[in-house]
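Remarks on the overall topology
Listed here are the chains, written in short residue letters.
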Amino acid sequence: MGSLGPNNNDISPFNPLDPEEFRAQAHSLVDFIADYYSNVQTYPVLSKVEPGFLSSSLPKTAPYRGESFEQIMDDVRKFVVPGMTHWVSPNFFAYFPATVSTAAFLGEMMCAAFNCVGFNWLASPAATEMEMVVLDWLAGMLRLPESFMFSGTGGGVIQGTTSESIICTLVAARDRALSTVGSRNINKLVVYGSDQTHSTYTKACKLVGILPQNIRLIPTTITTSFSMSADTLRATIQSDVASGLVPLYLCVTVGTTSTTAVDPVDELVHVAKGYNVWIHVDAAYAGSACICPEFRHYLGGVERADSLSLGPHKWLLSGLDCCCLWVRHPGLLVKALGSNPEYLRNGPSEMDSVVDYKDWQIGTGRRFRSIRLWFVLRSYGVENLQQHIRSDVKMAKVFEAWVRSDPRFEVVIPTRFGLVCFRLNPVQKSNKGEMEGLNRKLLDWVNSTGRVYMTHTVVGGVYMLRFAVGATLTEHRHVAAAWKLLKEGADVLGIKRVNVCR
C-alpha cells in the first residue's frame, strides 16, 4: 500500500507490514513479555481496579493518525498490566489453570505469521494435515482406540472450547435421531448429565433446540464423591422412555469443574448404549492427566463412547484456545455441520479425498491452532509433559497433607488431580451459615492481599475453597507460601491453633 495520491504529499506512505519495522518492534515486545514472565509473581494476582477504569483512562475515539509503538507500550504498562488478573502468575490458584509455555508462544507466533484461514484442505493443506497428525499423536498418547483416529475409522478436530465441542456433537446426535423419529418430534428429545456437569451443557442443549424441561441433571451426593450414578441414570432413562420421550445424548464428565469428580465412564456407557444414546466424554481438565498411565483408568470405557473432548490449554501447556475433540463417526458430524457453497467448491473436496474442517465446526473460518500444539508436543515430548502433570499433582497432594495436619481445616473431597477442595472448620461447627460466613471471610482476606488468588464452590450444599495447582510457573515454594498465608488468615479471623489431631 502506498500514498493516497499525488496531492497527498503530507501523508507518509502507509506500510502496515514492513519486515524491518516488524523485526524491531517484535524484538522489543518479546523483551517486554520475558520481563513480564520474570516479574509476574511480584504483581497482585487479582486486579484491584474498579469497573470502568479503562474507559475513563483511554480516549473516547480512535486516533486519526497512528501513534508510535512506544506510546502504545507506555499505555500497556500504565493501564493494561494493572487491569489484568494474572493467570500466568505462579500464585494463581483459582478456577482451573490456563497453561502456556515457550513452545506454545512460538507456535502462536507462527500461527499469526501465516494468518491462514483453513476452512478447507485447499485453503491451506499443511494446516489441515498438521491438525490431523497432532490429533492422532495426542490420541496415541491417551491410548485411545483407532476408532477415534484418522489412522483408523474416526478422527479429531481442534475447537476453541469445550462448549463448541458439545454443541457440535449435540447437533450431530440430534440430526441422527430426527432422521429416525422425524423432525416433528424434536420436543421429545431428552439429554442427560449430572448436577456437576459444566453449566455450559445446559446452554448448549437449549441452543440446539432441546426443551429446558427435557434436560436431565442427575443428582449426585458426597457419598459417591459427586460422580453420576449409573443406577440413577438407568431409572431416569427408563422413566423417560415409558413417557414416550426419546433419549438422545449423555454427557459424562472426567474431572468436574467444582471438585474434579469423575463419572464412571464404563458403567454409564453400558447403560446408555442400550438406548442408542450419543455418549460424549467431557474431559476438559482431567483428560490431560490421562497421558500418564497411572491416571488412564479414568477413561476406561471411552472406546464405546461416541466422542471425547479435552483442553490442552488447561494442563498441557498449549495456551488458549485449544480444545481437542475426537469422534468415532466423523461422517455424522460432517452430515450435520457440512456446507458446500459454490465459491468454496474445488477438486479435492469434490472428490471426497480430503478433510475440510469447516464441516467439523460451527463457523467456517479457523486459525492454524494445530501448529501451536505441534510445537508443544515436539519441543517437550511425552516424557516432559507427563512430568509436568505429575509435578502439579504432587504439589496438590502436599498441600492437601498440610490441610489435614491443621485441626482448624478439613479436606472436603479427596484430591485426585491438581485441585484441593477444603474449608476452615475449626470446631466441627454444625451451623452451616456460620461456617460458610467464616470461609467467605477467609477467602476475601486471602484474595485482598494480592499475594494469592483462589475461588470457591458450593457442592451438595457445602461451601468450600478451591486450590487449583497448575499454573506453568508454580513451584513448591509458591504452594508453601499460599498455605502460610491461609494459616495467617485463620489467625486474623481469630481461629486459634490447637495441638490436637482429628
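A few points on the structure. (Residues numbered from 1 in each chain as written. Predicted model: local features only at pLDDT ≥ 70, side-chain atom pairs only at ≥ 80, totals over all residues. Heavy atoms only, no water.)

**Side note on the pairing of strand β6 (residues 307–310)**
The condition that has to hold: To sort residues, take the accessible area from a 1.4 Å probe on protein chains only and compare it with the maximum for the residue type: under 20% means buried, over 50% means exposed, and anything in between is partly exposed. To qualify as a helix, a DSSP run of H or I must reach at least 4 residues; to qualify as a strand, a run of E must reach at least 2; elements of each kind are numbered from the N terminus. Strands were regarded as paired on the criterion that DSSP finds at least two bridges between them.
By the alternation rule, side chains of β6 split into Ser-307 and Ser-309 and Leu-308 and Leu-310, which are all buried. Relative to β6, strand β5 (residues 278–282) is paired through three bridges, and the arrangement is parallel. For Val-281, the partnering residue across the bridge sits in β6 and is Leu-308. Bridge analysis of β6 against strand β7 (residues 323–327) gives four bridges, and the strand direction is antiparallel. Bridging across to β7, Leu-308 finds its partner in Trp-326.

**Quick notes on the sheet that holds strand β1 (residues 155–159)**
Keep this limit in mind: Axes here mean lines fitted to C-alpha atoms, for a helix over just the part in contact, with angles spanning 0 to 180 degrees between N-to-C directions. Contacts were defined at the residue level, with two residues in contact if any of their heavy atoms lie within 4.5 Å.
If you trace the seven strands from one edge of the open sheet to the other, you get β1-β7-β6-β5-β4-β2-β3, paired in mixed fashion. Strands at the two margins of the open sheet, each flanked by one partner only, are β1 and β3 (215–218). Between one strand and the next, the sheet's axes are offset by a mean angle of 20°, whatever the strand orientation. Taken strand by strand, helix α5 (residues 162–181) contacts β1, β2 (189–194), β4 (246–253), β5, β6 and β7, and its axis lies near 160° from that of β4. The strands touched by helix α6 (residues 200–207) are β2, β3 and β4; relative to β3, the strand with the most contacts, the crossing angle is about 165°.

**Re the packing of aromatic side chains**
Using the following cut-off: Working definition: a ring pair exists when centres of Phe, Tyr or Trp rings (six-membered ring for Trp) sit within 6.5 Å. Plane angles under 30 degrees give stacked, over 60 give edge-to-face, the rest tilted.
Tallying each qualifying case throughout the model produces 23 aromatic pairs. With a centroid separation of 6.2 Å and an interplanar angle of 45°, the aromatic rings of Phe-409 and Phe-422 are classed as tilted. Of this pair, Phe-409 sits in strand β8 (residues 409–413) while Phe-422 sits in strand β9 (residues 419–424), placing them 13 residues apart in sequence. Take Phe-409: its relative accessible area is 0%, and that puts it in the buried class. Exposure remark for Phe-422: the relative accessible area of 0% places this residue in the buried category.

**Structural notes on a nonpolar patch on the surface**
Quick reminder of the rule: Each patch is built from residues lacking any salt bridge and having more than 30% relative accessible area; the joining distance is 9 Å for like charges and 5 Å for nonpolar side chains (Val, Leu, Ile, Met, Phe, Trp, Tyr). Only the protein chains shown count as covering a residue, and every accessible area follows the Shrake-Rupley method with a 1.4 Å probe. Counted as salt bridges are all cases of a side-chain nitrogen of Lys or Arg within 4 Å of a carboxyl oxygen of Asp or Glu.
On the surface, Val-30, Leu-106 and Met-109 cluster together into a nonpolar patch covering about 220 Å² of accessible area. As for its placement among the helices and strands, Met-109 is situated in helix α3 (residues 102–114).

**So, the side chain of Ser-307**
Counted only if it meets this: Each polar contact in these results corresponds to two N or O atoms within 3.5 Å; when the atoms are within protein, one needs to be able to donate a hydrogen and the other to accept it, and residues that are neighboring in sequence are counted only if both atoms are side-chain atoms.
For Ser-307, the position within the fold is in strand β6. At a separation of 2.9 Å, a polar atom in the side chain of Ser-307 contacts the side chain of Trp-278. Contact partners of Ser-307, with chain neighbours within four places excluded, come to Phe-148, Thr-169, Trp-278, Ile-279, His-280, Val-281, Leu-325, Trp-326 and Val-327.

**Description of the environment of Ile-413**
When you line up the elements, Ile-413 lands in strand β8. Distance in space between the C-alpha atoms of Ile-413 and Met-464 is 9.5 Å, their sequence separation being 51 residues.

**What about the pattern of salt bridges?**
Enumeration over the complete set of coordinates arrives at 23 salt bridges. Lys-273 is paired through a salt bridge with Asp-306; the nearest N and O atoms lie 3.4 Å apart. Of the two residues, Lys-273 sits in helix α8 (residues 265–273) while Asp-306 sits in the loop between β5 and β6, which places them 33 residues apart along the sequence. You can call Asp-306 buried: its relative accessible area is 3%. Because the salt bridges share partners, they merge into one network encompassing Glu-108, Asp-321, Arg-367, Arg-369 and Arg-372.

**Remarks on the nonpolar core**
For clarity, the threshold we go by: Working definition of a nonpolar core: buried Ala, Val, Leu, Ile, Met, Phe, Trp, Tyr and Cys residues. They are joined through side-chain atoms within 4.5 Å.
Judged by nonpolar contacts, the single largest core of 79 residues is most densely connected at Leu-138, Leu-250, Val-254, Val-281, Trp-326 and Phe-417. The contacts of Leu-250, once residues within four sequence positions are left out, are Tyr-192, Met-228, Leu-233, Leu-268, Ala-272, Val-277, Trp-278, Ile-279 and His-280. Ranked by size, the runner-up nonpolar core spans 30 residues in total, among them Ile-167, Leu-170, Val-171 and Val-327.

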